[in-house]
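If you want the building blocks of each chain, they are given just below.
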Protein chains: 2
Amino acid sequence: MTTTPKGLTAIFQPRSIAVVGASSNPNKTGGRPVHMLIKHGFAGHIWPVNPNATEIQGLPAFATLDSLTGVPDLILVAVPGAGAVAVLEKAAEMGVPAAIVLSAGFAESGPEGLALQSRVTEIAAQSGMRIVGPNCLGAIGVRERAIGTFSIALEQEMPRVGGISIVSQSGNIGSAALRLLGESGAGLARFVATGNEADVQAADAIEWLADDDETRVILCCLETCRDAGRLTAALDRARAAGKPVIALKIGVSEAGQQAAMSHTGGLAGSDRVYDAVFARHGAVRVHSLEELAQVGAAAEAKGTRRIGSQPSVAVIAASGGFGVMMADAAAANGLAVNPLGEAARRRINTALPLASATNPIDATAQMSADPDILGELLDAVMEDEANSTLCLMLALSMEIPRLRSVFTAALAEVTRRHPDRTLVACVSGPADAVQELSNLGVVCFPTIDAAMAGIAALGRMEAIAQETRARLPEITPAELDADACRNEATARATLARTGLPFAQDITATTADEAARAAESMGSAMAMKILSPDIQHKSDIGGVELGVIGAEAARAAFDRIIAAAAEHAPKAAIDGVLISPMTSGGTELILGTTTDPTFGPVVMVGLGGIFAEIFEDTSLRLAPVSRAEAAEMLRELRAFPLLDGARGRAPADLEVLEQAIVDLSIFAARHADEVAEIDINPLLARPKGQGAIALDALIIPTVTPRQESAE
Amino acid sequence: MTTTPKGLTAIFQPRSIAVVGASSNPNKTGGRPVHMLIKHGFAGHIWPVNPNATEIQGLPAFATLDSLTGVPDLILVAVPGAGAVAVLEKAAEMGVPAAIVLSAGFAESGPEGLALQSRVTEIAAQSGMRIVGPNCLGAIGVRERAIGTFSIALEQEMPRVGGISIVSQSGNIGSAALRLLGESGAGLARFVATGNEADVQAADAIEWLADDDETRVILCCLETCRDAGRLTAALDRARAAGKPVIALKIGVSEAGQQAAMSHTGGLAGSDRVYDAVFARHGAVRVHSLEELAQVGAAAEAKGTRRIGSQPSVAVIAASGGFGVMMADAAAANGLAVNPLGEAARRRINTALPLASATNPIDATAQMSADPDILGELLDAVMEDEANSTLCLMLALSMEIPRLRSVFTAALAEVTRRHPDRTLVACVSGPADAVQELSNLGVVCFPTIDAAMAGIAALGRMEAIAQETRARLPEITPAELDADACRNEATARATLARTGLPFAQDITATTADEAARAAESMGSAMAMKILSPDIQHKSDIGGVELGVIGAEAARAAFDRIIAAAAEHAPKAAIDGVLISPMTSGGTELILGTTTDPTFGPVVMVGLGGIFAEIFEDTSLRLAPVSRAEAAEMLRELRAFPLLDGARGRAPADLEVLEQAIVDLSIFAARHADEVAEIDINPLLARPKGQGAIALDALIIPTVTPRQESAE
């Protein structure tokens, strides 16, 4: 007796599948799985359940789940809404380990459906039965022919068995990825479309696949994330298992995000936060369905060959024009095209005297004349260490049988001779030629742009695999000072205690105090109204700059208080903040926001227009390590300004990095109470002179209690 | 008796073709054209010329051109180098109107080949015979089966006859485009790959195609431009003929440009100048081979249907996920996704109560159930005016016969009912389904990204067709003032006479003059050394800023002169330029450069780091119209800073526009003498207060005579 599979194992590797709502019509939701299980040869039991039939598609049908001859490992539920819930209750009672609810009529259809869906979640939680869906396209175990889906992608044929697994919230996108991969001859392991995610989330599937022997690469399409912790833990697990995760997150634009929210009921976080999540947890982000499939297939074909964690590429084409396009595409993807070493150049020109042997290598049409010459050429480049990989343009060659045999023979030899290096080819067909090359370990892409983007993505995967992850600061949640958010002075004081560098400041509550402050500072001062009720201080005349001397300070104090009284008569006034004017250096903004899914996020950028017009900011999940803070600054397009460009003094980067770390720790520590922090500007000063924050704002989280407080 | 075709007509529509160097081997350069002419059924005479054969591929062979039974309209030359030249001489003598030199061994192979190629150019010029090549892939007239090429793209089958023509400098890229279009079922008219361009340039082909009855869309792949005037005139002619030109210019990156230069022997202009050329002369630029083919096929399928000159798009998918992706891709391509009007929403929800009808329209899987419902849905969107076009995701539907017939029927009806509007579909296959839809006038793209980029490109074409072209300023070449380039003072004076706004300035040649200048200005001054020999004035202590009063001016004068004497003892000193310090406003840079191919180019951008780090500049060929100058400013990402963003006063845009126009006229007028002009900074001041140029540099063209002057 074998053990009953548990959890998601029962979904991907069931030994018996009951289809509840099975239909004789193979085009119906309850008919197609039965049809495909039979057609593609599922080896386990197929139990159609339908009270109105004795036979379904040639198999004996059962009236109810009760009447089955055993407890199925997996049930597919194709009856809608309330009926599906009743089936799940029955199945839970019977001890069925897993269910896929294909039918719709749940959260996506209104309040009644939402209530039904909550019941599905409950059943899963109470019984331990894992439930995929509802309103989903289901799951597939490719080797096992375990077809728990009605996707038309399998209507014609099954994909080849291989190491790529697909997790998609959207069934149609997952299906399209499956189809693209199948057509390209790539090998698949598992597929799951999680739909409404009443129980099983995409994250759970990733976690299971991380431990799955068959899965070598995980493709993932996300529209939303319902549980940040589950997703990040799953990504970490896949990384630890050495399985690259390639993620397509959709809902990038405002229009797309609106659509995704209305469609998934998910939260509206910033799309950029997903970049931060993927960066932290080691997923490689792609930006289209085609790229998802292409990079997935490439990762599988590449296997353990090396491509370089910051790839550079030697480019070979039989045409100067293609060489130019390849160099352009390499540059667009941040790949260097380094000149070959002299030995390689000499070898190439010995074999092909007319070839331009620098890089791009314009090997002329001669390269296809003789497999020996081509082999020599490829070998010379593979031996050369100037570039970490090689990209060969095959253009139409594989369509011509004569050329196909020349190229295939040469590539087989070169990949055999260089088992550790990656050879990339641009080749769009025919499909069997692409598969033949992939089996040799040649990484194939259909276009030049796809090849160069793909090399960059594969390089990123290699970098992730090699990365020593910096330890994150430990977070001890703490209570926020009661008045931290009250006004700028309290915010400054609070943040200063965490180590952030603020200029000296004095709070004056009378004109005399202002005058004394002026005397003690002895320089030009900025004076700003302090009030928990005034947001835009300048707008109401609450700011005076460049105030010099006691008398001026006294007068400014009176004007500021009078202006506040006039323009914000109901505002509580805490006084006037006085601090020395500071100039010079480069203005940065440093801040945090709270993503509704992933929590506190720290952001840094150059000040004002840089952040606003050029969106030149860098984001990470808080807290960040010092290494990540350094990375954040270096990611800014304007980083050269901090690094001595245009004759400027290099900024004190170490102090800036530490400020980012300190703020990120503060935000993480007070994640529940603080919604947003703005330090704007943070003045970066030359090396050795640190940085000075000139303003601070802490916006508290609005809790329901506070909202109704008035 | 018919007239002998002239010029390029003989290349695309010959009645007789002689193949010199004809071979019995259909894989050789001289054999494949003969093979394909026979195979694909060329109706005219095919005359193989080969002294060593009496028969070639079943046709009688001729020993020499002399022995032919008539004068061929076109000869294909497959004999190399010097032999080819001899053939051309003979052909010219015989009055052959056109030749294609397929063979290599010319400019690409070294100095000897270069000399041979010059001879080819001479023969064409002297005889009037038009010569394509050498070292080229040749030409094709598709309807006529006039196959003057050895491209393997035609080895299997000819493309369908249609309205797309291809002009490519690179044979391989042109061939690949031909193949992509042929595979997608698109209809082709002409093809030419111009190779080394000894006589016929890509521009000449474009010009001929502009007048060709069969050609409706011109695709063009450029690596270089050997004659700016011919190219721009050809583009203008195509525009006047209402034929869109879709241009792929390669050599975008530095690496790509290096490769293109070494490969074509072309000049290293800035790639960005091509954007300016295409913008001025109405070509739509694309950025990959695939995009070239896809947008070309789309333009042909669209015909005269309207898509909007600034398209917005209603998005329909049977899946929420695809709707999200489509909205993202629309946003990435600058396309609005506007909510449908209420009437359309009501109609959609009457037909499909569960459909999300705003936009994206998530029509759910129901839309494929019933052609009437789908028709109603599409019709509702087509009647709605909220968006200028409609994009329908077909995903895998066309692969399933049942769905294919539903969709095709509905689309046929909708395109018939709305003959003026464009319906776009995302569909990747099967090829015959795509062709069936294209024939209905549905514009098909294989991916979501391609569809949205394609809609943007088609919209741009529509905008170009509608554009009323602003009259360019008339240019009267003039001689430059003898001392215009001598120093900043002369440059300022010269440019001020063209209308450019400079602050007052005084040239002091003695300390007393400096003191008097200070008295007359009465404000803080900038003082700068004037010398034709000192480039970097600050570096040698030649600049003093914020000088106030006569005494200070006197001292500063002495310091500046002393510094120059010390650090640049051999420099000619013209004095010290004194001008009032000016601040406030926004710093722009305004300048011109001279492209080696296209001549003077005017550039504007925000000052300093904006231009340098963010490359936020805008470029046009000089001279520009006022409308173009306005466009240039609005193209800047930082334009909001000039337009009142962040509470700033809006800049005096009219004065800035006029300054751009004035400088562009100056640069065009003095194109031969001036290499570069830098006005940096040009201070943009609030509306009504104009602008002030604070510095000026005119760099003269270095003529060979001047270079050897010392």
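Predicted model only: the values in this text are computed from it and were never measured.

A word on the overall build of chain A. Of the regular secondary structure elements, chain A holds 24 helices and 29 strands. For chain A, the spread of C-alpha atoms along the principal axes amounts to about 95 × 80 × 40 Å. Counting every position in chain A, which comprises 710 residues, the buried fraction comes to 58%. Counting contacts in chain A only where the partners sit at least 6 residues apart, residues at least 24 apart contribute 71% of the total. For chain A, the distance from the average site of its 56 positive side-chain charges to the average site of its 83 negative ones is 4 Å.

Attention now moves to the pattern of salt bridges. Where charged atoms from two side chains of opposite charge approach closely, those side chains can pair. Residue and element names in this part refer to chain B. On inspection of all chains with the given rule, the structure shows 101 salt bridges over all chains. Between D199 and R130 there is a salt bridge whose closest N-O contact spans 3.0 Å. Of this pair, D199 sits in the loop between β11 (187-193) and α6 (202-210) while R130 is found in strand β7 (residues 130-132), placing the two residues 69 residues apart along the sequence. For D204, the salt bridge is made with R130, and the minimal N-O distance between the two is 3.3 Å. Here D204, found in helix α6, pairs with R130, found in strand β7; they are 74 residues apart in sequence, far enough to count as distant. You can call D204 buried: its relative accessible area is 9%. For R130, a relative accessible area of 22% corresponds to the partly exposed category.

Contacts between the two partners involve 59 residues from chain A and, on the opposite side, 59 residues from chain B. Taking both partners together, chain A and chain B bury about 4800 Å²; carbon and sulfur atoms supply 67% of that area. When the area that chain A buries against chain B is broken down by residue, the three leading residues are L396, F614 and R637 of chain A, summing to 13%. Note that R179 of chain B and E399 of chain A form a salt bridge whose closest N and O atoms lie 2.6 Å from each other. Applying the counting criterion to the chain A and chain B interface returns 10 residue pairs in polar contact (both at pLDDT 80 or more). Counting only elements with at least two residues in the side of chain A that touches chain B, the list comes to α5 (171-183), α8 (254-264), α10 (289-302), α11 (320-332), α14 (401-417), α20 (609-613) and α22 (639-642) of chain A. Here the element with the most residues in the side of chain A that touches chain B is α11 of chain A; it accounts for eight residues.

Now for the pairing of strand β10 (residues 160-168) of chain A. Every other side chain in a regular strand lies on the same face of the sheet, so the side chains alternate between the two faces. Residue and element names in this part refer to chain A. Taken across its nine residues, β10 has seven buried, putting it largely inside the fold. Crossover connection from β10 via α5 to parallel strand β11 (residues 187-193): handedness right-handed. Both β10 and strand β12 (residues 217-222) contribute to a ladder of five bridges, which runs parallel. Opposite S168, over in β12, you have C221 as the bridge partner.

What follows is about the packing of aromatic side chains. To describe a pair of aromatic rings, one takes the distance between the centres and the angle between the planes. All names here are of chain A. Scanning the entire structure with this criterion turns up seven aromatic pairs over all chains. An aromatic cluster is defined as three or more aromatic residues linked by ring pairs; in this entry it consists of Y274, F278 and F598. Just above the ring of Y274 sits the side chain of K249; from NZ or CZ to the centre is 4.6 Å.

Feature annotation in UniProt assigns "domain: CoA-binding" (unreviewed entry) to the following positions: residues 11-106 of chain A. Across residues 11-106 of chain A, the secondary structure splits into 26% helix and 23% strand, with the terminal C-alpha atoms separated by 21 Å.

Moving on to the side chain of S151 of chain A. Residues and elements named next belong to chain A. Position of S151 relative to the elements: it lies in the loop between β9 (146-149) and β10. Take S151: its relative accessible area is 2%, and that puts it in the buried class. At 2.4 Å, the side chain of S151 forms a polar contact with the side chain of S175. Sequence-distant contacts of S151, defined by excluding residues within four places in its chain, comprise R32, M36, L137 and S175.

Time to look at the packing of α5 of chain A against α10 of chain A. Helix-helix packing is described using two parameters, namely the angle between the two axes and the distance between the axes. Residue and element names in this part refer to chain A. Viewed as axis vectors pointing N to C, α5 and α10 meet at an angle of 45°, and their least axial separation amounts to 9 Å. One finds that α5 runs oblique with respect to α10. Regarding α5 and α10, the two cross each other, and that crossing is right-handed. Across the interface between the two elements, I173, A176, A177, L180 and L181 from α5 touch L289, E290, L292, A293 and A297 from α10. A class-by-class count of the residues in the contact of α5 with α10 yields nine nonpolar, no polar and one charged.

The next subject is the nonpolar core. Counting 313 residues, the largest nonpolar core has I316 and M452 of chain A together with I316 and M452 of chain B as the members making the most contacts within it. With near-sequence residues (within four places) excluded, M452 of chain A lies in contact with V313, V315, M326, A329, A330, N333, L335 and C391 of chain A. Core analysis: the second largest hydrophobic core is formed by 84 residues, V661 and I665 of chain A together with F666 and A693 of chain B among them.

With an RMSD of 0.1 Å, the operation that places chain A on chain B is a rotation of 180° combined with a shift of 0.1 Å along the axis. What the superposition gives is, in effect, a two-fold axis relating one chain to the other. Every residue of chain A has its C-alpha some distance from the rotation axis, and the shortest such distance is that of F614 of chain A, at 4.0 Å.

Quick notes on the rules
Residues numbered from 1 in each chain as written. Chains lettered and ligands numbered in written order. Predicted model: local features only at pLDDT ≥ 70, side-chain atom pairs only at ≥ 80, totals over all residues. Heavy atoms only, no water. Helix = DSSP H or I, 4+ residues; strand = E, 2+ residues; numbered from the N terminus. Buried < 20%, exposed > 50% of the residue type's maximum accessible area, 1.4 Å probe, protein only. Contact = heavy atoms within 4.5 Å. Lys, Arg positive; Asp, Glu negative; His and termini not counted. Charge placed at Lys NZ, Arg CZ, Asp CG, Glu CD. Salt bridge = Lys/Arg side-chain N within 4 Å of Asp/Glu carboxyl O. Buried area = accessible area lost by both parts, 1.4 Å probe. Polar contact = N/O pair within 3.5 Å; in protein donor to acceptor, adjacent residues only side chain to side chain. Right-handed = clockwise from strand over helix to strand, strands pointing away. Pairing = 2+ DSSP bridges. Phe/Tyr/Trp six-rings, centres within 6.5 Å; stacked < 30°, edge-to-face > 60°. Lys NZ or Arg CZ within 6 Å of the ring centre and 35° of its normal. UniProt positions renumbered as here; feature names shortened; annotations may be inferred. Axes fitted to C-alpha atoms, helices over the stretch in contact; angles between N-to-C directions. Parallel < 35°, antiparallel > 145°, perpendicular 65-115°, else oblique. Left-handed = near helix turned anticlockwise from the far one by under 90°. Nonpolar A, V, L, I, M, F, W, Y, C, P; charged D, E, K, R; others polar. Core = buried A, V, L, I, M, F, W, Y, C linked by side-chain atoms within 4.5 Å. Least-squares fit on C-alpha atoms with pLDDT ≥ 70 in both.

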